[in-house]
Structures are given as structure tokens and as C-alpha cells.
Amino acid sequence: MTEEAEQEPIDDSQSARDAAAMRAERIVRRGAANPRSVPDYTRLRPCEATAEELALVGTSSVSEFVDRMNRTLLDRGLRPITQGDYPTTRKRLVKLLERWSRLVRQ
């Protein structure tokens, strides 16, 4: 008999459970993300805004607007803009501008 035949067969379900346990342990060690921390937007490309829109919020770029809005939200005890709400499209930008106008009226 060859050496390979003498080895015990690998239990696929056991190795899957071990892998899942290792992933869970890594997640626990890493800890949950702080909901008050600002997400990483570096992979997201902001949409273009008109000069009038940027003048309304007093910034020179969409990224600067998002930074300013996040600071305002955090100062008021609210959560920052999520990656899903980041203004990569015109529609999302308009929604954030509307939210900004409601925020500064308060």
C-alpha cells in the first residue's frame, strides 16, 4: 500500500467549520467598525456639481462638501455619510444638498 492510501481521508465539513471559526475569530479580534467613524471614500468618484450648488454650501468641490457635511453631522451626534450615499451620481448629490439645507435650517 502506498503512503497516500494509509492517510486518513480529510473531512471536508470539518475543514469548512475550521475555516469559518478562524474567520469569526479574526472578525472578533478586529472588532466592529465604529458607526461614528467616517468611511473610506477613496475608491469612489464624486459626480460633478455646478458652481451654484457648491456656492450654496460654501465649498469648492464635492469631496470638500462631503467632508464639511460629515463634520456637521458628527458635531450633532449623527452618523456620517455612508459609502452608499456618497454622491457618485447626480441624484445622490441632489439628495445630499437637500439634506444639507434641512440640516443648516435647524
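For the structure given in this document, a descriptive report is provided here. This one's a predicted model, so the numbers in the text were calculated from it and none came from an experiment. (Residues numbered from 1 in each chain as written. Predicted model: local features only at pLDDT ≥ 70, side-chain atom pairs only at ≥ 80, totals over all residues. Heavy atoms only, no water.)

1. Some thoughts on the overall build of the protein
Counting its regular elements, the protein contains five helices and zero strands. The N-to-C order of helical and strand elements in the protein reads α-α-α-α-α. Every one of the 106 residues in the protein was classed for burial, and the buried ones make up 21%. Counting contacts in the protein only where the partners sit at least 6 residues apart, residues at least 24 apart contribute 66% of the total. (Helix = DSSP H or I, 4+ residues; strand = E, 2+ residues; numbered from the N terminus. Buried < 20%, exposed > 50% of the residue type's maximum accessible area, 1.4 Å probe, protein only. Contact = heavy atoms within 4.5 Å.)

2. Digging into the nonpolar core
Ranked by size, the top nonpolar core spans 15 residues in total, and within it F65, V66, M69, I81, L93 and W100 carry the most contacts. For this core, the secondary-structure elements that each account for two or more residues are α4 (62–75) and α5 (90–105). (Core = buried A, V, L, I, M, F, W, Y, C linked by side-chain atoms within 4.5 Å.)

3. Observations regarding the packing of aromatic side chains
Per the counting criterion, the structure on display carries two aromatic pairs. Judged by centre distance (6.0 Å) and plane angle (85°), the rings of F65 and W100 are edge-to-face. A residue pair is termed long-range when its members are at least 10 positions apart, and F65 in helix α4 and W100 in helix α5 qualify at 35 residues. The class of F65 is buried, set by a relative accessible area of 2%. Judged by its relative accessible area of 8%, W100 is buried. (Phe/Tyr/Trp six-rings, centres within 6.5 Å; stacked < 30°, edge-to-face > 60°.)

4. Quick notes on the packing of α4 against α5
α5 packs onto α4 with a crossing angle of 40° between their chain directions and a minimal axis gap of 11 Å. Here α4 is positioned oblique relative to α5, judged by the angle of their axes. In the crossing of α4 with α5, the sense of the turn from one axis to the other is left-handed. Listed contacts from α5 to V62, F65, R68, M69, T72 and L73 of α4 are L93, L96, L97, R99, W100 and L103. Along the lines of polarity and charge, the residues of the contact of α4 with α5 split into nine nonpolar, one polar and two charged. (Axes fitted to C-alpha atoms, helices over the stretch in contact; angles between N-to-C directions. Parallel < 35°, antiparallel > 145°, perpendicular 65-115°, else oblique. Left-handed = near helix turned anticlockwise from the far one by under 90°. Nonpolar A, V, L, I, M, F, W, Y, C, P; charged D, E, K, R; others polar.)

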